[in-house]
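This is what each chain is made of:
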Amino acid sequence: SDECLVRTASAASPRSPRQGLSYMLFVTLLRGRAGKQLTHLKTLDFLRLYKPRQEVAVPNNAANRGQIEKVKHLVSVETAQQRTERLAALEKKLAWRPPIEVKH
């Protein structure tokens, strides 16, 4: 019966990676790393953020949320839905427009 309890607990775990992109947070480094505290630099290393405007996907769990909280003044955080909406708006803004026809 202990084995059954372990299986059900792990299958219902909220940290299961099977939840797809809705489970992920997209973190973008907005500011450069130069002149920052060593603890902030190490936190950015753990988040795999090395260059400005670099974006990574990290699981939405307590550990990553704590790291993001520590460097919140350097990063931007989005959910998968927010990122999709932002990219769709950007694509619409940058789409080709029909040429202007001038008749004289």
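That block above? That's the structure.
The rules we used
- Residues numbered from 1 in each chain as written.
- Predicted model: local features only at pLDDT ≥ 70, side-chain atom pairs only at ≥ 80, totals over all residues.
- Heavy atoms only, no water.
- Pairing = 2+ DSSP bridges.
- Helix = DSSP H or I, 4+ residues; strand = E, 2+ residues; numbered from the N terminus.
- Axes fitted to C-alpha atoms, helices over the stretch in contact; angles between N-to-C directions.
- Buried < 20%, exposed > 50% of the residue type's maximum accessible area, 1.4 Å probe, protein only.
- Polar contact = N/O pair within 3.5 Å; in protein donor to acceptor, adjacent residues only side chain to side chain.
- Arc of directions from axis to C-beta.
- Contact = heavy atoms within 4.5 Å.

*Asks:* Any chance you could explain the sheet that holds strand 1 (residues 24–29) here in plain terms?
*Replies:* Two orientations exist for strands paired in a sheet by backbone hydrogen bonds: parallel and antiparallel. Taken together, the three strands give an open sheet; going across it, the order is 2-1-3, and neighbouring strands pair in antiparallel fashion. The open sheet has two edge strands with one neighbour each: strand 2 (55–59) and strand 3 (75–79). Within this sheet the neighbouring strands show an average axis-to-axis angle of 30 degrees, counted without direction. In this structure, strand 1 lies alongside strand 2, joined through five bridges in antiparallel fashion. In the strand pairing of strand 2, valine 27 is matched with valine 56.

*Asks:* How should the side chain of asparagine 61 be read in this particular structure?
*Replies:* By the element assignment, asparagine 61 lies in the loop between strand 2 and helix 3 (62–70). Residue classification places asparagine 61 among the buried positions, given a relative accessible area of 19%. Polar side-chain contacts of asparagine 61 include one of 2.9 Å to the backbone nitrogen of asparagine 64.

*Asks:* Before we go on, may I ask you to explain helix 2 (residues 38–46) in this structure?
*Replies:* In an α-helix, one full turn covers 3.6 residues, which means residues spaced three or four apart are oriented alike. All buried positions along helix 2 are accounted for by His40, Leu41, Thr43 and Leu44. Looking down the long axis of helix 2, one finds its buried residues gathered within 160 degrees of arc, a one-sided arrangement. Pointing more than 90 degrees away from the buried face of helix 2 are the exposed residues Leu38 and Phe46. Buried residues in helix 2 make contact with strand 1, helix 3 and strand 3. A positive backbone phi angle near 65 degrees is found at arginine 48, which sits one or two residues after helix 2.

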